[in-house]
Amino acid sequence: MTTQRALITGIFGQDAAYLARHLIDQGYEIIGTHRRTSTNNSWRLRELDVERHIRFEELELLEQSNIIHTLKETRPTEIYNLAAQSFVGSSFNQPIFTGEANALGVTRILEAIRVVDPEIRFYQASTSEMFGLVQETPQKETTAFYPRSPYGISKLYAHWMTKNYREAYGLHATSGILFNHESPLRGTEFVTRKITTHFAAIKFGLIDHVELGNLNACRDWGHARDYVEGMHAMVRHDEADDFVLASGQTHTIEDFANLAASVAGFKIEWEGEAEDRKAYNRETGKCIIKVNPRFYRPTEVDLLMGDAGKAKDVLGWAPRTNFENLVEEMMAADLDRQSRTDRFVSN
Ligand code: NAP
Ligand code: F7E
């Protein structure tokens, strides 16, 4: 069999690191693409010991000619489009950039595939944010979409473009509708890792408390390591299609904070409601969590809970890491990182 060559966009992101690890273990050659930055941003690839196996190329989602030339020069057999402006909060302040990168960026890649080599298999990173104001629970492939942010809307455009290029031009273009997946390599702006980095810093006396937004939002959280295996299974499946990957369980932000606090060794007690809600360390009496409305979103996604039944039946995919193990792994990793420096760990 000829060697498979995967091009992964957004190679410096969380999912790309785990996917690169998985594909390298399967014997793949990896081309990792990134936008130009002034500093090296490859800490995740180093943590998983994959950096030395990757051929790096610059690829900017806003630049059509750059994408076409990169495909012509690197000749991948599979493309995993993981690059995106992926933070929902920022999408409200940067709706146009978010649309350019997440929506039109995908059209640019699909066009490049059509022109350069229509045999390339394509994976699009779709998201549970497309369900937004949910129309049924649990959410599955057939659930009606109702996105609630410029991010969700940009991803919905890309989702339909992927489907359209599949139907119109016969491309093997697959869309993975992934629910939240986290890990010790998660960006620190996302709520899970914001909590674990801040708890670690509180533990080591560097800060007093963390400020969060809506504590009642419910998310279906899994581990990125499990979800990238599902991406690969989708691309290797004979027919391109849409698949939900999810854990099937949902928890509030407060649940996540409670469990992370207990792993970090804090006994906490909650008082107050809404903006006045606070969590106190019972041993010291000090407040360690406060609500700051600055972190509220103009329109919120209140509840996500996915049904990954189709991925299980068709691909044989199921998550291996449960919520408790995920929180334990993330909290332990940040305690370990923080124990090795007196600077607040911020990546
Ligand atoms: P991530 O850590 O934020 O990584 C995204 C990567 O995209 C970053 O490395 C970023 O580059 C790159 N990027 C941003 N704008 C770009 C541009 N204009 N041109 C080229 N590259 C650009 O995201 P992730 O959590 O790994 O998620 C991977 C993908 O899955 C994303 O598309 C995300 O929207 C989607 N998704 C994620 C989840 C989840 O829960 N993690 C769930 C569903 C879908 P820099 O490193 O330079 O910032
Ligand atoms: O927010 C609430 C916030 O930013 C989760 C991305 O990977 O998953 C991710 O999007 C919830 C929201 O992730 C804070 O209001 C409370 O309800 O961790 P998050 P997200 O918005 O769910 C989807 C599937 C993606 O596709 C995205 O790319 O937590 N929340 N307090 C907070 N959120 C943040 N960030 N910070 C807070 O202080």
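The structure under discussion appears in the preceding block.
Residues numbered from 1 in each chain as written. Chains lettered and ligands numbered in written order. Predicted model: local features only at pLDDT ≥ 70, side-chain atom pairs only at ≥ 80, totals over all residues. Heavy atoms only, no water.

Some remarks on the site of ligand 1
Okay, step 1: Residues in close proximity to ligand 1 total 27 residues, the closest being Arg35, Glu60, Ser86, Tyr151 and Lys155.
Okay, step 2: Between ligand 1 and the protein, one listed contact pairs an oxygen atom with a side-chain N or O atom of tyrosine 151 at 2.6 Å.
Okay, step 3: Here a nitrogen atom of ligand 1 sits 3.2 Å away from a polar atom, N or O, in the side chain of arginine 186.
Okay, step 4: Protein contact buries 90% of the 900 Å² of open area that ligand 1 shows by itself.
Okay, step 5: At the level of secondary structure, the elements contributing two or more residues to the shell around ligand 1 comprise helix H1 (14-25), strand E5 (121-127) and helix H6 (150-169).
Okay, step 6: With 3 residues, E5 is the largest single contributor of residues to the shell around ligand 1.
Okay, step 7: Its residues assigned to classes, the shell around ligand 1 shows 12 nonpolar, 10 polar and 5 charged. (Near = heavy atom within 4 Å. Polar contact = N/O pair within 3.5 Å; in protein donor to acceptor, adjacent residues only side chain to side chain. Areas by Shrake-Rupley, 256 points an atom, 1.4 Å probe, with all protein chains shown as cover. Helix = DSSP H or I, 4+ residues; strand = E, 2+ residues; numbered from the N terminus. Nonpolar A, V, L, I, M, F, W, Y, C, P; charged D, E, K, R; others polar.)

Comments concerning the packing of H1 against helix H8 (residues 224-236)
Okay, step 1: Contact geometry of H1 with H8 gives a least axis separation of 9 Å together with a crossing angle of 65°. The chirality of how H1 crosses H8 is right-handed. Contacts between H1 and H8 pair Gln14, Asp15, Tyr18, Leu19, His22 and Leu23 from the former with Ala224, Arg225, Val228, Glu229, Met231 and His232 from the latter.
Okay, step 2: Split into classes, the residues belonging to the contact of H1 with H8 amount to 6 nonpolar, 3 polar and 3 charged. (Axes fitted to C-alpha atoms, helices over the stretch in contact; angles between N-to-C directions. Left-handed = near helix turned anticlockwise from the far one by under 90°. Contact = heavy atoms within 4.5 Å.)

Side note on the pattern of salt bridges
Between side chains of opposite charge, a pair can form when the charged atoms approach closely.
Okay, step 1: Per the stated rule, a full pass over the model turns up 24 salt bridges.
Okay, step 2: As a salt-bridge pair, arginine 225 and glutamate 329 come within 3.2 Å of each other at their nearest N and O atoms. With arginine 225 in helix H8 and glutamate 329 in helix H11 (residues 323-339), the pair connects residues that are 104 residues apart, well separated along the chain.
Okay, step 3: For arginine 225, a relative accessible area of 33% corresponds to the partly exposed category. (Salt bridge = Lys/Arg side-chain N within 4 Å of Asp/Glu carboxyl O. Buried < 20%, exposed > 50% of the residue type's maximum accessible area, 1.4 Å probe, protein only.)

Examining the environment of lysine 290
Okay, step 1: Its place among the elements puts lysine 290 in strand E15 (residues 287-291).
Okay, step 2: Residues lysine 290 and valine 345, 55 residues apart in the sequence, show an inter-C-alpha distance of 20 Å.
Okay, step 3: When residues no more than four places from it in sequence are discounted, the contact partners of lysine 290 are His209, Val210, Glu211, Leu212, Arg277 and Lys278.

Some words on the packing of aromatic side chains
Okay, step 1: Evaluated as defined, the whole model comprises 11 aromatic pairs.
Okay, step 2: Measuring from centroid to centroid gives 6.0 Å for tryptophan 221 and phenylalanine 323, while their planes differ by 15°, and the two rings are stacked. In this pair, tryptophan 221 is assigned in the loop between strand E9 (218-219) and strand E10 (222-223) and phenylalanine 323 in helix H11, connecting sequence segments 102 residues apart.
Okay, step 3: Tryptophan 221 sits in the buried class, given a relative accessible area of 4%.
Okay, step 4: Three or more aromatic residues joined by ring pairs make a cluster, and in this case those are Phe131, Phe145 and Phe179.
Okay, step 5: Directly above the aromatic system of phenylalanine 295 lies the positively charged group of lysine 194, at a separation of 3.4 Å from the ring centroid.
Okay, step 6: Directly above the aromatic system of phenylalanine 266 lies the positively charged group of lysine 203, at a separation of 5.2 Å from the ring centroid. (Phe/Tyr/Trp six-rings, centres within 6.5 Å; stacked < 30°, edge-to-face > 60°. Lys NZ or Arg CZ within 6 Å of the ring centre and 35° of its normal.)

Side note on the side chain of glutamine 139
Okay, step 1: Counting through the fold element by element, glutamine 139 comes out in the loop between E5 and H6.
Okay, step 2: Residue classification places glutamine 139 among the buried positions, given a relative accessible area of 0%.
Okay, step 3: Within the local environment of glutamine 139, its side chain forms a polar contact with the backbone oxygen of glutamate 136, the two atoms lying 3.0 Å apart.
Okay, step 4: Other than its neighbours up to four places away in sequence, glutamine 139 contacts Phe131, Val134, Phe179, Val244, Leu303, Leu304, Met305, Gly306 and Asp307.

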